[in-house]
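Architecture and fold: a report
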Amino acid sequence: MTDWKQKLHIEPPQGWLNDPNGLCFCSGKYHVYFQYAPDSASGGGRKCWGHMESPDLLTWEYTGIVMEPDIPEDRNGVYSGCAVVDKGKLHIFYTGNVKNPGNYDYINEGREANQIHVVTDDPKALSGKNIILRNSDYPDYCSCHVRDPKVWIEDGVWKMVLGARTRDSKGLVLYYEGDGPENFKFVKTYQIPDFGYMWECPDLFFVDGMSFLGLSPQGLEHEEFRNQNVYSSGYFRINDEKLCDFEEFDYGFDFYAPQTFEAPDGRRLLIGWMGIGDIPYTNPTVELGWQHCLTLPRQLTISSDGGIFQNPIDEILNLRSSRLVYAAGQKTEIDLPCDIVIKDTGFSRACFGGLDVTVNDGIAQLKFDENYGWGYGRDVRKVRIGDFKNIRIILDTSSVEIYINGGRYVLSSRFYPDKTVTFECDSQAVIYALGGKPMKLLAIGEALIDFIPDKSGCAFDQVTAFAPKLGGAPANVCGAFSRLTGKSAILTKLGNDPFGDKIIKELGEAGIDTSDVIRTDEANTALAFVSLGEDGNRTFSFYRNPSADMLLKDTELSEEVFEDIFALHFCSVSLGDFPMKDAHRAAINFARAKGAIISFDPNLRFALWKSEDDLRAAVNEFIPKADILKISDEEIGFITGKNDIRDAAEEFFGQGVKLVVYTRGKDGAELMTRKASGQTEGIAVKAVDTTGAGDAYIGSLLWYLKSIGVTSADLPELTADELKEGAAFANRYCAVTITKPGAIPSYPTLQNFKKIYKQEDI
Ligand code: FRU
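Notes on the structure follow. (Residues numbered from 1 in each chain as written. Predicted model: local features only at pLDDT ≥ 70, side-chain atom pairs only at ≥ 80, totals over all residues. Heavy atoms only, no water.)

Notes on the site of the ligand
Put simply, the rule is: Put simply, a residue is near a molecule or strand once any heavy atom of it comes within 4 Å of that molecule or strand. By the criterion applied in these results, polar contacts are pairs of N or O atoms within 3.5 Å in which, for protein atoms, one can donate a hydrogen and the other can accept it, and in which residues neighboring in sequence qualify only through two side-chain atoms. To be clear on the numbers: accessible area is Shrake-Rupley with a 1.4 Å probe, and residue cover counts the displayed protein chains and nothing else.
Contacts to the ligand come from Asn-18, Asp-19, Gln-35, Lys-47, Tyr-79, Ser-80, Arg-147, Asp-148, Glu-200, Cys-201, Tyr-256 and Trp-273. Between the ligand and Gln-35, the relevant distance is 2.5 Å, taken from an oxygen atom to a side-chain nitrogen or oxygen of the residue. In this structure, Glu-200 approaches the ligand through a side-chain N or O atom, which is 2.8 Å from an oxygen atom. Protein chains bury 90% of the 310 Å² of accessible surface belonging to the ligand in isolation.

Quick notes on the sheet that holds strand β7 (residues 111–120)
What counts, and what does not: Strands are treated as partners if at least two bridges between them are detected by DSSP. The numbering of helices and of strands both runs from the N terminus, where a helix is a DSSP run of H or I of at least 4 residues and a strand a run of E of at least 2. Axis definition: a line fit to C-alpha positions, over the contact stretch in the case of helices; interaxial angles, taken between N-to-C directions, run 0 to 180 degrees.
Strand order in the open sheet made by the four strands is β5-β6-β7-β8, with antiparallel pairing throughout. Whereas interior strands pair on both sides, the edge strands pair on one side only; in this sheet they are β5 (78–86) and β8 (130–133). Neighbour-to-neighbour, the strand axes of this sheet turn through a mean angle of 30°, independent of strand direction. Relative to β7, strand β6 (residues 89–99) runs antiparallel, the two sharing 10 bridges. By the bridge assignment for β7, Thr-95 is matched with Gln-115.

Looking at the packing of helix α7 (residues 693–707) against helix α8 (residues 720–737)
Basically, it comes down to this: Working definition: roughly parallel below 35 degrees, roughly antiparallel above 145 degrees, roughly perpendicular at 65 to 115 degrees, and oblique for all remaining angles. Here a crossing is taken to be left-handed if its near helix is turned anticlockwise relative to the far helix by less than a right angle, and right-handed if that turn runs clockwise. Contacts are assigned to residue pairs with any non-hydrogen atoms lying within 4.5 Å of each other. Charged residues are taken to be Asp, Glu, Lys and Arg, nonpolar residues to be Ala, Val, Leu, Ile, Met, Phe, Trp, Tyr, Cys and Pro, and polar residues to be all remaining types, Gly included.
It is at 8 Å that the axes of α7 and α8 come closest, and there the two elements cross at 140°. Put simply, α7 runs oblique to α8. In this structure, α7 meets α8 at a crossing whose hand is right-handed. Residues Ala-693, Ala-696, Tyr-697, Ser-700, Leu-701, Trp-703 and Tyr-704 of α7 form the contact with α8, whose participating residues are Glu-722, Glu-725, Gly-726, Ala-727, Phe-729, Ala-730, Asn-731, Tyr-733, Cys-734 and Thr-737. Partitioned by chemical class, the residues of the contact of α7 with α8 number 11 nonpolar, four polar and two charged.

Re unusual backbone geometry
Basically, it comes down to this: Partly exposed residues are those whose accessible area sits between 20% and 50% of the maximum for their type, while under 20% is buried and over 50% is exposed, using a 1.4 Å probe and protein chains only.
Cis peptide bonds are those with omega within 30 degrees of zero, and the linkage from Leu-336 to Pro-337 qualifies with 0°. The residue Pro-337 is located in the loop between β24 (331–334) and β25 (338–342) in this model. Pro-546 follows Asn-545 through a cis peptide bond whose omega is -5°. Within the fold, Pro-546 resides in the loop between β43 (538–543) and β44 (565–571). Within the chain, Asn-227 stands out as a residue other than glycine whose phi angle is a positive 45°. Relative accessible area serves as the criterion here: at 8%, Asn-227 is assigned to the buried category. One non-glycine residue, Asp-240, lies in positive phi territory at about 45°. Here Asp-240 shows up in the loop between β15 (234–239) and β16 (242–248). On the accessibility criterion, Asp-240 (72% relative accessible area) is exposed.

A look at the pairing of strand β35 (residues 440–444)
Counting buried residues in β35 gives five out of five residues, a clear majority hidden from the surface. Residues of β35 alternate between two faces, with Lys-440, Leu-442 and Ile-444 on one and Leu-441 and Ala-443 on the opposite face, all of them buried. By the bridge criterion, five bridges tie β35 to strand β38 (residues 487–491) in an arrangement that is parallel. Across the sheet, the residue bridging to Ala-443 is Ile-490, located in β38.

What to know about the nonpolar core
As a reminder, the rule being used: Residues enter a nonpolar core if they are buried and are Ala, Val, Leu, Ile, Met, Phe, Trp, Tyr or Cys, with the set joined through side-chain atoms within 4.5 Å.
If you look at the biggest cluster of nonpolar residues, it comprises 70 residues, and the most contacted ones within it are Ile-334, Ile-340, Phe-352, Leu-395 and Phe-423. Element by element, the count of residues in this core is highest for strand β2 (residues 29–37), at five residues. In contact with Ile-340, other than residues within four places in its own chain, are Ile-334, Phe-352, Ile-391, Arg-392, Ile-393, Leu-395, Phe-423, Ala-429, Val-430 and Ile-431. If you look at the next biggest cluster of nonpolar residues, it comprises 62 residues, including Phe-481, Val-710, Ile-744 and Tyr-757.

Remarks on the pattern of salt bridges
In plain terms, the rule: One side-chain nitrogen of Lys or Arg within 4 Å of one carboxyl oxygen of Asp or Glu is enough to make a salt bridge.
One pass over the structure, following the stated rule, counts 50 salt bridges. Among the ionic pairs, Glu-73 bridges to Arg-134, the shortest N-O distance being 3.5 Å. Of the two residues, Glu-73 is situated in the loop between β4 (61–67) and β5 and Arg-134 in the loop between β8 and β9 (142–154); the sequence distance between them amounts to 61 residues. For Arg-134, a relative accessible area of 36% corresponds to the partly exposed category. The partner of Arg-519 in a salt bridge is Asp-501, with the nearest N and O atoms 2.7 Å apart. Note that Arg-519 is positioned in strand β41 (residues 518–520) and Asp-501 in helix α2 (residues 498–509), a separation of 18 residues in sequence. Look at the salt bridges and you will find they share partners, linking Arg-237, Asp-245, Glu-247, Asp-305 and Arg-408 into a network.

Have a look at this one:
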C-alpha cells in the first residue's frame, strides 16, 4: 500500500476538504478553517467548517468540526467565508447555503445565499449565528449565487466583498462597507465584461501598498497557456478602482479558492485549496476514505513588473533537515517530503519518475508520463515564463509545488507515486530533506539584566542613571535565531525575583522558549552594569556573587530538552568554577549524542575572572568540544598566542573544530573549514549601538546553516559558495542590528531584513 497521507500539507482526517476559510492569527495561534464534508470522501453530505491550528504554520492540529448546518439559513451547507480579529474578538463571516426542495434551476430560483456572522472569544467554539444579508438584500440583477464573504477593516470601516453571478450569467464582485460587522451597505461592484459566469471566493488584499482583487472565476475560455483548468483562480491589480491584468495564481492541475491573510509580522500569506470542483481527473485517496489537501502557505511580495511573487513561507526553511548537493546527470532516489532548488540558468529538465518538469524556449511544463499512471488523468500544464532564472520544487508524499523565477509562476499538482521517486536532472541541484518539525537552537548560559548608562563617554561614577535591558550572549543568540523564524530555547537559572520575571517575559516576547528555565531562591538573577568610555569601549560591573545562572547543575538538565535539537550554543561567561560549568559539559554530551552542532563563542569578559590564565584555560578546555568556533580578531591572540588566523585555525581544526567563524568587526568576517573558506567585506553603516552585534552574527549564521539543512556531519563539506553566502548573510544581519539601540530589540525579523536587503541578496 502506498502512503499518500501528506506530511506537510493540511488534509482532513477523513472525508472531503475544499476551500480554506477563516485564515487568521488569533490568541497566539494560526487558524485555518476549511470546507469540510466529513461523511464522504467524494464531497456529499453535510458541508461543515473543520478547524486546524498551529503555533508556527508548520505543525497543524485538527481540533474538529466547529460549524455545521444547524439553522434553517445554512441547512444545505456552511459555505466559505473568512475571519477578522478586532479588539480581541474573532469575527467569522460565511455563507449559509439553502436549496429549497422543488423544480428549480437553482441559479435564479430555489436557492438562498445568506451571509452569516459569528463572534467568539474562542476560535475552537463558533456559535451564535446571526444573519446579516439575505437574497432580498442584494442588487436586483444578482442571481441566487452570492457568496464567500471576505471582510477586512480599514481605518475603522468594515469592508466586505462577495462573489456573485448576475441573472444573465456574468461574474462580478459586490463591495460593501459598514460601521460594524452587522451593518454592511452595498456600495458598488467590481466587474469587467465577458469574464466568466460566476466569480467565487473574492479577496481584496494589499501587498506593499498595492491593491489586488483575488477571485476564482468560472467559465473562462481554456487556452494553451492560460486557464487550462475547469475553473480558474487568479488576481487583478486594482488601479484607480479598475481591475487590470488578470493573472492566474497557479498554473498547475490542482489549485482553487485561495484566501489571504496578514500574519502578525505584516506578511501577506496565501493558502489555496489544492483541488478544484468538477475536475476531469481523480484522486485515488477517495478509496482510502479522504480527498484533497490545502497548499503550503505562501508569502506574497511584489515583483518588479508589479505582479506577485508567491513563495513558500520562510518557516519551511526550518524544516530542512539535511542537504544533498546533486551533480547534473545523476539518477538518485529521493525521500519525500523534500525541497529542491535549482539555480543553474541552463536548466531544462527534471524528471521524477512519472512526472517531468521542463523549461524550454520560455515555456515551463509539467507533464505526467502515462506509463507510470501517477497523474490519475492529469496530463500536461504549461506556462510562459520568459527567461528562466531559478526553480524550487517542494514535493510532499502526494503533491508537488513548483515555484519558478523567484515565485513569479507557480504550478501545483497532486501526484500519486506507487514506488520510490527517482530524481534525474540536467543541472546541478540541492535537495533538502524536509523533516516533520522545526529543529531548535538551544543555548546554555547566562540570561541577565544589562544596566545601560544614560550617558556615554564618561566613567562609571559620572553615570546618573542606568536602564535595565535584557542581556546575556546566549539569550541574544537565541533572539537572533528566533527573529529569523527559527525555534530556540534557553537553558539557564534565574532568581525568584522581579528581574527574573522580566527576563522570562522578554525572552518569551522574543519567541524564545523558556519552559526549561529553572528558578531559584538560592541567589538573585545576574545583573551587569555597563559604562561606555570616551573611546566607545564598554566597562562592565557584574553582580554575580554568585548569581542564579551560575548555580544551574548538570543534574537539573532534562534529557528531553535535547530532542529535536539542531545546535547547542554556549559562551565562556558561564565556564568559571561553579556548577554551571558541569551543566555545560552535560549539555554538550546530550547534544552531541543527538547529532547536534556544538557552537562556541568565547565572548571574553575579563572582569569575571580571577586571572587571565583561568579564562584562557577554560576557553581552551572547551574549544575541542565545539564544531563551530566563533572567534574575533581581538580574541585570537589572547586565546591562541598566535596572531595569524590561518595558523590558529589549523590548530583549531586539529582539535576537532569543523568551522571557524572569524569576525573582524567593521572589516567583515571569514568562515573557514579545512577544505574551503568564504569571506565578506565589512558593510559601512552608522553604528548606533554594537551591543549584541557578535551574538547577532553567530545567531543569524546558525539560522542560515539551519536554512540550508546543514548538520554537524556536513560542516567540513560546506562549499566555498555556501561559506561565502553564510558569511555575507550574517554580516548583513549584524550590520542592521548596530544601526539600532539594544541587543534583541535591534534584531530584525526575516521579513524586515528582506526589506532592507533585496530578496536575491539574502
Ligand atoms: C468554491 C466554493 C465556494 C463555496 C464553497 C462550497 O470551491 O464553491 O464558492 O462557498 O466552495 O463548499
